[in-house]
Amino acid sequence: QVQLVESGGGLVQAGGSLRLSCAASGRTFSIYVMGWFRQAPGKEREFVAAITWSLGSTYYADSVKGRFTISRDNAKNTVYLQMNSLKPEDTAVYYCALGDKYRGSYYYRRATGYDYWGQGTQVTVSS
């Protein structure tokens, strides 16, 4: 089993920045990819960003490209999401996810490509 604990959410004004962290513990020796998804009220969960654990290849949703940066610290089993130039439409619960099997890059943008999920952290951007 793997446990994921997110932190760093909060309330910020439009144009501001936040950094989310997600620490993995437990059976972390087989991490293939970690990602961030978000879910706004009344909307489906959507992909935000992902990073492969060995090579550090990154993937972003078009809506956040150029504003958000995903990174990882392999030694700490932690993934980060630096969010800059935040907009009110970024308001959502942000979820960290971990995939412990190789499925290919097609699945990095899809919830079905992940095996474990965090509890979520609220990000609210005021206008």
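The structure displayed is predicted, hence computed values, not measured ones. (Residues numbered from 1 in each chain as written. Predicted model: local features only at pLDDT ≥ 70, side-chain atom pairs only at ≥ 80, totals over all residues. Heavy atoms only, no water.)

K.L.:
Just checking my understanding: could you explain the overall build of the protein for this structure?
P.N.:
From N to C terminus, the protein includes 0 helices and 11 strands. Listed by position from the N terminus, the elements making up the protein come as β-β-β-β-β-β-β-β-β-β-β. For 127 residues, the compact-globule formula gives about 14 Å, and the C-alpha radius of gyration of the protein, at 14 Å, lands near that figure. Along the three orthogonal principal directions, the C-alpha set of the protein runs to about 40 × 25 × 25 Å. When the 127 residues of the protein are sorted by exposure, 47% land in the buried category. When contacts within the protein are restricted to residue pairs at least 6 apart in sequence, long-range pairs at least 24 apart make up 56% of them. Counting every atom, the protein has about 6400 Å² of accessible surface; 47% of that belongs to carbon and sulfur. Charge separation in the protein, taken as the distance between the mean sites of 14 positive and 9 negative side-chain charges, equals 3 Å. (Helix = DSSP H or I, 4+ residues; strand = E, 2+ residues; numbered from the N terminus. Rg over C-alpha atoms; globule rule 2.2 N^0.38 Å. Buried < 20%, exposed > 50% of the residue type's maximum accessible area, 1.4 Å probe, protein only. Contact = heavy atoms within 4.5 Å. Areas by Shrake-Rupley, 256 points an atom, 1.4 Å probe, with all protein chains shown as cover. Lys, Arg positive; Asp, Glu negative; His and termini not counted. Charge placed at Lys NZ, Arg CZ, Asp CG, Glu CD.)

K.L.:
I tried to follow the pattern of salt bridges on my own but got confused; where do I start?
P.N.:
Note that side chains of opposite charge can pair when their charged atoms are close. The full count for this structure, using the stated rule, is 7 salt bridges. The closest approach of N and O atoms between R38 and E46, which form a salt bridge, is 2.6 Å. Look at R38 and you get buried, because its relative accessible area is 6%. Owing to a relative accessible area of 36%, E46 belongs among the partly exposed residues under this scheme. As a salt-bridge pair, K101 and D115 come within 3.0 Å of each other at their nearest N and O atoms. Highlighted residues: K101 in the loop between β9 (92–99) and β10 (116–117) and D115 in the loop between β9 and β10, separated in sequence by 14 residues. Residue classification places K101 among the partly exposed residues on the basis of a relative accessible area of 44%. (Salt bridge = Lys/Arg side-chain N within 4 Å of Asp/Glu carboxyl O.)

K.L.:
How do you make sense of the side chain of N77 when you look at a structure like this?
P.N.:
Along the chain, N77 turns up in the loop between β7 (68–73) and β8 (78–83). By relative accessible area, N77 is classed as buried at 18%. Discounting residues that sit within four places of it in the chain, N77 has contacts with C22, A23, A24, T28, I31 and W53.

K.L.:
Teacher, can you tell me more about the nonpolar core here?
P.N.:
The tendency in soluble globular proteins is for nonpolar side chains to be buried side by side. Judged by nonpolar contacts, the single largest core of 38 residues is most densely connected at L4, M34, W36, V79, L81, M83 and Y94. Mapped by element, the contributors of at least two residues to this core are β1 (2–7), β3 (18–26), β4 (33–39), β5 (46–52), β7, β8, β9 and β11 (121–126). In contact with Y94, other than residues within four places in its own chain, are E6, L20, W36, F37, R38, V48, F68, L81, M83, G120, T121 and V123. (Core = buried A, V, L, I, M, F, W, Y, C linked by side-chain atoms within 4.5 Å.)

K.L.:
What should I look at first to understand the pairing of β3 in this one?
P.N.:
Each regular strand shows side chains that alternate between the opposite faces of the sheet. Note: β1 against β3, 6 bridges, orientation antiparallel. Bridge pairing links L4 to A24 in β3. Two strands pair when backbone bridges link them, and β3 and β8 are joined in this way by 6 bridges, in the antiparallel orientation. Pairing of C22 across the sheet is with V79, part of β8. (Pairing = 2+ DSSP bridges.)

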